[in-house]
Structure formats: structure tokens, C-alpha cells
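Descriptive structure summary
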Amino acid sequence: VQLQASGGGSVQAGGSLRLSCAASGRTFSDYVMGWFRQAPGRERESVAAIRWSGGTTYYADSLKGRFTISKDIAKKTVYLQMNSLKPEDTAVYYCAAASRIIYSNFGLPSSYYYWGQGTQVTVSS
């Protein structure tokens, strides 16, 4: 599985961005696609995740209500709509894929085997 993240950029606080993660290669209905982010000097943290089949979603508590994850199965693409962006959202955003993980592990980076290259999001005040 290869993952290609895109859509990052620079925005003012309060603005919006939509990230895309295109998957290629073999993908299976039991895969979970996740978004993570890492700011300079900080650990990688979970943002959101979605299961290909059924669409079960997970969100980091601090981001609920501002970020929305969705998928387009035909395009093998997962999206992350980010609204009301804040300077503290500035980070490199990564998409990742995991196979056969339970919901309680959706937010754990160690659960994911495949990773994209990351896309930079910069929010200025």
C-alpha cells in the first residue's frame, strides 16, 4: 500500500484546509485509514481515523467539531476537512493505513504499518 498525502498549505487562523490521502496498491475493506500530525519538538499525535468498510470514525477529543474525516472508496482517497484552524494546528500531517485493528487502537501510531510522506500545514495568527 502506498499513500500520498496532499492539500497542505499556509492559512490564517480561522481558515480551512482539506487534506487528501490517495492510496494505491492493494487495499482491503478491513483497513483503517488514519491522520496523524507532528509539530516540531513534539511527538506524533492522532487526529482522526476511519474504517474503509462501514465508515466507523475516530477523532482525537481536542479536535472534535473542527475536523472531519471522510472517504471516497472509488477513488481510494481519504480526506481530512479542517475548519476553524488555529496556530496550534501547525504541523506536518501524515496519513497512515492499518489492517485489522480494533477501535481502541485507532489513535495509536504504532498500530499503523503504512505511512505517507506528510504534508505541511501552517496556520498563522
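Please refer to the structure higher up on the page.
A brief look at the structure comes next.

Some words on the packing of aromatic side chains
Per the counting criterion, the structure on display carries eight aromatic pairs. Taking 6.4 Å as the distance between ring centres and 80° as the angle between the ring planes, the aromatic pair formed by Y94 and W115 counts as edge-to-face. Highlighted residues: Y94 in strand β9 (residues 91-99) and W115 in strand β10 (residues 114-115), separated in sequence by 21 residues. By relative accessible area, which is 15% here, Y94 ends up buried. Note on W115: relative accessible area 27%, which makes it partly exposed. Note on Y103 and F106: the rings are 5.1 Å apart at their centroids and 50° apart in plane angle, and the pair reads as tilted.

Overview of the environment of A96
Looking at where A96 falls in the secondary structure, it is placed in strand β9. For A96, a relative accessible area of 0% translates into the label buried.

Details of the pairing of β9
Summarising burial for β9: seven of the nine residues are buried, a large majority. Pairing of strand β4 (residues 31-38) with β9 involves eight bridges; the strand directions are antiparallel. The residue of β9 that forms the bridge with W35 is C95. Here three bridges tie β9 to strand β11 (residues 119-124), and the two strands are oriented antiparallel to one another. Bridging from a neighbouring strand, V92 pairs with Q120 of β11. Two elements, β9 and β10, share two bridges in a ladder whose sense is antiparallel. Among the inter-strand pairings, A97 is bridged to a residue of β10, identified as Y114.

About the thresholds
- One numbering rule holds for all chains: residues counted from 1, following each sequence as written.
- Side-chain atom pairs in this predicted model are given and counted only at pLDDT of 80 or more, local residue features only at pLDDT of at least 70, and totals for whole chains, interfaces and linings cover all residues.
- The side-chain figures draw on all heavy atoms in the structure; neither hydrogens nor water molecules are used.
- Stacked, tilted and edge-to-face are the three classes applied to pairs of Phe, Tyr and Trp rings, where Trp contributes its six-membered ring and a pair requires centres within 6.5 Å; stacked means planes under 30 degrees apart, edge-to-face means over 60, and tilted covers the rest.
- Helix and strand assignments come from DSSP, with helices taken as H or I runs of at least 4 residues and strands as E runs of at least 2, each series counted from the N terminus.
- Using a 1.4 Å probe on the protein chains alone, a residue whose accessible area is under 20% of its type maximum counts as buried, one over 50% counts as exposed, and one in between counts as partly exposed.
- Two strands form a pair only when DSSP identifies at least two bridges running between them.

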